Each structure stands twice: as structure tokens, then as C-alpha cells.
Amino acid sequence: QHSGRAEHPSSAAASIPAPARHRRHRSIMSGRKETVLDLAKFVDKGVQVKLTGGRQVTGTLKGYDQLLNLVLDEAIEFEREQDDPLKLSTKTRQLGLIVCRGTAVMLVSPTEGTEEIKNPFQEADGEQTAHS
């Protein structure tokens, strides 16, 4: 028996069981299931990680998740200068197996194939050059 009314487009969703409907809606709303970074290519390779607060560690990436929590093995922390906390010292600290919480991770880069270069905006005496 047909009532003669035109069906509303959303009534089709009503025929989908509620749990499936909510799962589908959540996946559409979130829009992504994985991180922007593809860290799979760095697993079992050396990485350098910079964390909020200025800490910097290197180690072998053993695992990660979608929240960017990282598991590093043979991790080494580079300590900072006492008089200039923005500058890394030559002192290091062996940490071993660690977990870097994703909310603190600012940068992840491979240790192989990268090198530090001189700051092109800094003069020899350490002063910043003024560019207009």
C-alpha cells in the first residue's frame, strides 16, 4: 500500500541499521583514517625527532600509530647548552627504548641522507642579517 507521498532522500538511511549508519557517518565526518606522514618507510631506520619544549632525540623507529606516538629503540637525547637552551650541546644521554607521545612530536626526519648546513641568515659573529 503506497501513501502517495514522495519519499524523502534521508528515509533511505533509515533502512540501514543504526550502528552501521553511525559508523558510516563517523567515517565521512572524520575524513581520514591515517596520518598525513607515511612513516612506514622509516620503520627499522634511524630517525631524528624534535619534541615540544626543545628536546631532540634520535633512534631506530620501531613503531607508530595514527596519533603519531612513536616507539624508538636505542634512543639518544641531545642535551642543550646551559647558557643557551635553544642550542644543542655535544653531551648526549642514552635512553634506550622509549615512546614519544604524539602530541609532543613536532618533527620527524630520517638521519640518513640529511646534514646540517650553516644558517644563511646568520653572519659570522652570530648576529642575524637584516633582509628587506
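As the structure is a prediction and not an experimental result, all values here were calculated from the model.

Side note on the pattern of salt bridges
Summed over all chains, the structure comprises three salt bridges. Put simply, Lys-62 and Asp-44 hold a salt bridge, and the shortest N to O gap is 3.0 Å. Of this pair, Lys-62 sits in strand β2 (residues 56-64) while Asp-44 sits in the loop between α2 (18-30) and β1 (46-51), and the two are 18 residues apart along the sequence. Look at Lys-62 and you get partly exposed, because its relative accessible area is 41%. On the basis of relative accessible area, Asp-44 is assigned to the exposed category, the value being 51%. Each of Arg-55, Glu-77 and Arg-93 takes part in salt bridges that share partners, so that together they form one network.

Topic: the confidence of the model for the protein chain
The pLDDT averaged across the protein chain works out to 77; a share of 66% of its residues lies at or above 70. Mean pLDDT values for the elements of the protein chain range from 47 in α2 up to 96 in β2. For residues 21-30, every residue scores under 50 in pLDDT, and the model assigns this stretch five contacts once sequence neighbours within four places are set aside.

Notes on the pairing of strand β3 (residues 70-80)
Pairing of β2 with β3 involves seven bridges; the strand directions are antiparallel. In the strand pairing of β3, Val-57 is matched with Glu-77. In textbook terms, the turn of a hairpin is the stretch between consecutive antiparallel strands, and for β2 and β3 this stretch comprises five residues, one of which, Leu-68, has a positive phi near 70°. Alignment of β3 against strand β4 (residues 88-100), held across eight bridges, turns out to be antiparallel.

How each quantity is defined
Residues numbered from 1 in each chain as written. Predicted model: local features only at pLDDT ≥ 70, side-chain atom pairs only at ≥ 80, totals over all residues. Heavy atoms only, no water. Salt bridge = Lys/Arg side-chain N within 4 Å of Asp/Glu carboxyl O. Helix = DSSP H or I, 4+ residues; strand = E, 2+ residues; numbered from the N terminus. Buried < 20%, exposed > 50% of the residue type's maximum accessible area, 1.4 Å probe, protein only. pLDDT = per-residue confidence, 0-100. Contact = heavy atoms within 4.5 Å. Pairing = 2+ DSSP bridges.

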